[in-house]
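Here are the chains, one letter per residue:
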Amino acid sequence: MNTILLQPTDVLFFRDGRPMTGSLAGHGAAWPLPHVVNSAFHMALHRGFPITTADVNGHKTRYGDHVHRIVRHKQPVDAERHRRFGSLITAGPFPVRVDAQDRPQQWLLPRPADLQDASLTPALLPAAGDWRDTGSLSTPLKHAVASRLPPAKESAAKTWLSRSAFQAYLEDRASSLDGEAWSDSDVFDAEAYVGIGIDPDRQTQDGQRIYSAHYLRLKDTLNWRLGSLAWCAKDEDERLLRQLLGQQPSIVVGGQQRICTARRIEAAPREALPLGRTSFNLCPRSGKARVKWVLLSPSIWPEILDTDATGQPLRDRHGNPIQSHPGGWLPNWVDAKTGRVLLKARTTRRREGRQLVGDGTPLSADLVAALVPKPLVVTGWNLGDPLSTQADEREAGACSTHLAVPAGAVYYFEADSTEAAAALANALNWHGTTAGTEIRNRRSTLLGEKGYGLGVCGTWETFW
């Protein structure tokens, strides 16, 4: 496992999908999403270890071209498709505070959404009773989430918690938040600049196009860094990744070709991320074991259709009918009608052809409540592939836009037994059954390899 600290040499620009014209200010000072840093490492590997020459569509590629297709006789051959560094997996970035020797002292995680004051005691709790018939809850939820605090215009809770404070929150331990909770303004500043647009055809300034943009600057006086975890499942890719990081390279991160220096340190993931609960007690009132799952990174659960554009039923690769699912805030591995968890407890694995098949039993647990903040817009811009044989792939354009559930969202489950609760926690905790030595579970349907869908489990009580 590679723990990587990124130190910006200047301001950084992490723009969302909103335009930079008119009255909009080019919102580029937000904390970077996981796929941004994953792309930065991926491109750094291609730049550090480029293909020297290749014949693509009859063209000789240049040194360092980012090529993913192999063409024979002017036809792409999928069996020989170039998958260099496709085994790269990342997590983060998270704010990291270092000491004078550049050693990590404090990792910060997004605050859970149920914390609304300056303590680690949840202020938002599922309300007792079944609210499905008397309220306007979305299917398949059972409990509404209520606040035990009086109404207030502003929240005393800060944006980030230290790893130690987050661990105390999961274990229901009282802990002082002095120096353990931080606001965005404590970690970085947003700086506004005015610029002049560039004509893309002539590469000259266009005096009629003036824009403003916000940039993110980490507070160097407090020694903040961008901390990420990265590794490659393929041994050759991992060797090259460590070779690249051993040189403390300069890596382009985010937009406008902004540079960060990368430094690798030896550390296990448990030193950066909190460990989730693995044991639970039965609640005397309900006879159920209560498990809550808190997201450490955003997660994307897309809508799943059961018919195509012509109305014909869709089937999976095994020939089974595909079940529709609304996605959005609801995980794809939760039944949209009943709330039953569709994951299985994997016990053994065997290889059938090229697939790993697990034998396991369904998890006896239900989703009964959820606390989900406003979604994040995940998008990007595709520069196009001039060597592609497909016309639409040669053209530049916007990537698909997804709405992601933000980090800090809380999902509340009820398991039929303590054993089922432990099995559910092993399936949802990022570390699985390990002691925090590796990342096992990424429960986002999309972009899990890029760090989406990391979470940890705790327990919960109802608000009476």
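Residues numbered from 1 in each chain as written. Predicted model: local features only at pLDDT ≥ 70, side-chain atom pairs only at ≥ 80, totals over all residues. Heavy atoms only, no water.

Trainee: How would you explain the sheet that holds strand β10 (residues 160-162) if you had to name every residue and give the values?
Mentor: Read from one edge of the open sheet, eight strands run β11-β10-β7-β6-β14-β1-β16-β15, paired in antiparallel fashion. A strand with exactly one partner marks an edge of an open sheet, and here the two such strands are β11 (181-182) and β15 (250-252). Note that strand β6 (residues 88-98) and strand β14 (residues 224-232) share eight bridges and pair antiparallel. Bridged to P95 within β14 is L226. Packed onto the sheet, helix α2 (residues 163-170) meets β7 (104-110) and β10 and runs at close to 90° relative to β10. Packing against the sheet, helix α4 (residues 235-245) makes contact with β1 (2-8), β6, β14 and β16 (259-265), and its axis sits at approximately 155° to β14. (Pairing = 2+ DSSP bridges. Helix = DSSP H or I, 4+ residues; strand = E, 2+ residues; numbered from the N terminus. Contact = heavy atoms within 4.5 Å. Axes fitted to C-alpha atoms, helices over the stretch in contact; angles between N-to-C directions.)

Trainee: Give a detailed account of the packing of aromatic side chains, specifying residues and quantitative values.
Mentor: Summed over the entire model, instances satisfying the criterion amount to 13 aromatic pairs. Each ring, one from W301 and one from W333, has its centre 6.4 Å from the other, and the planes form 85°; the classification is edge-to-face. With W301 in the loop between β17 (289-295) and β18 (344-352) and W333 in the loop between β17 and β18, the pair connects residues that are 32 residues apart, well separated along the chain. Linked through ring pairs, W293, W301, W333, Y411 and F413 together constitute an aromatic cluster. Here R290 stacks its cationic end above the ring of W460, 4.8 Å away from the centre of that ring. (Phe/Tyr/Trp six-rings, centres within 6.5 Å; stacked < 30°, edge-to-face > 60°. Lys NZ or Arg CZ within 6 Å of the ring centre and 35° of its normal.)

Trainee: Pulling in residues and values, what's your account of helix α6 (residues 418-428)?
Mentor: Restricting attention to buried positions, one finds in α6 the residues A420, A421, L424, A425, A427 and L428. Projected down its long axis, α6 carries its buried residues within an arc of 160°, all on one side. Contacts made by the buried residues of α6 are with β17, β20 (365-371), β25 (410-415) and β26 (455-458). (Buried < 20%, exposed > 50% of the residue type's maximum accessible area, 1.4 Å probe, protein only. Arc of directions from axis to C-beta.)

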